[in-house]
Amino acid sequence: MYKRLLVATDGSELSTKAVSSAIDLAAAIGAELVALYVVPHYPTSYFEGGISISTEDVSRTEKKWADDGQAIVDQVQRTAAATGVSVKGITVRSGLVAESILNSAKKYDCDLIVMASHGRKGIQRVLLGSETQQVLTHS
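Being a predicted model, the structure only gives us computed values, none of them experimental. (Residues numbered from 1 in each chain as written. Predicted model: local features only at pLDDT ≥ 70, side-chain atom pairs only at ≥ 80, totals over all residues. Heavy atoms only, no water.)

Undergrad: Which residues make up the sheet that holds strand β4 (residues 112–114), and what values do they have?
TA: Spatially, the four strands line up as an open sheet ordered β3-β2-β1-β4, and their pairing is parallel. Two strands lie at the open edges of the sheet, namely β3 (87–93) and β4, each paired on one side alone. Direction aside, neighbouring strands of the sheet carry axes that sit 25 degrees apart on average. Strand direction decides the pairing type here: strand β2 (residues 32–39) and β3, joined by seven bridges, are parallel. Paired with Leu33 across the two strands is Val87, which belongs to β3. (Pairing = 2+ DSSP bridges. Helix = DSSP H or I, 4+ residues; strand = E, 2+ residues; numbered from the N terminus. Axes fitted to C-alpha atoms, helices over the stretch in contact; angles between N-to-C directions.)

Undergrad: I'd like a rundown of the environment of Lys88, residues and numbers included.
TA: Mapped onto the secondary structure, Lys88 falls in strand β3. Spatially, the C-alpha atom of Lys88 lies 9.3 Å from that of Val76, the residues being 12 residues apart in sequence. Not counting chain neighbours up to four residues away, the residues in contact with Lys88 comprise Leu33, Val34, Ala35, Gln77 and Tyr108. (Contact = heavy atoms within 4.5 Å.)

Undergrad: Residues and numbers for the nonpolar core, please.
TA: Counting 15 residues, the largest nonpolar core has Val7, Ile23, Leu33, Ala80 and Val85 as its most contacted members. Secondary structure elements with two or more residues in this core: β1 (4–8), α1 (13–29), β2 and α2 (55–82). The dominant element in this core, judged by the number of residues it contributes, is α1, at five residues. Setting aside anything within four residues of it in sequence, one finds Ala80 in contact with Ile23, Leu33, Val85 and Val87. Counting residues in hydrophobic clusters, the runner-up holds 10 residues, among them Val34, Leu36, Ile90 and Cys110. (Core = buried A, V, L, I, M, F, W, Y, C linked by side-chain atoms within 4.5 Å. Buried < 20%, exposed > 50% of the residue type's maximum accessible area, 1.4 Å probe, protein only.)

So far we have only geometry, and geometry alone does not tell us how the molecule works.
Spelled out as structure tokens, the structure:
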């Protein structure tokens, strides 16, 4: 069966449910778990020609996002360890979430990817996209 699962989390309520399901599945089948948080890059290109944002502000914001992501991954590690599941927590800095999930699954030799979908439909899906759909399509 599955030997290593990757669970992608962003700390939202939906992804917390996916984390819980991944931990339960890993515990039931004796699999290892890789918990992944993708830290986005600050979208400076949106503001080109507009307002000026200092590099210090961008760095400070990206560091905060990375620290928040690490805290989320650390919590997954504590929760999984409490159930006896072996877990590796990782954060990746990238503006391409779906690609980072797929690359991490390959890098850590994961058999299954567990993640949630926000279930957006219509114009919201067109404008905001679906990382889950991209992962499904390209995996």
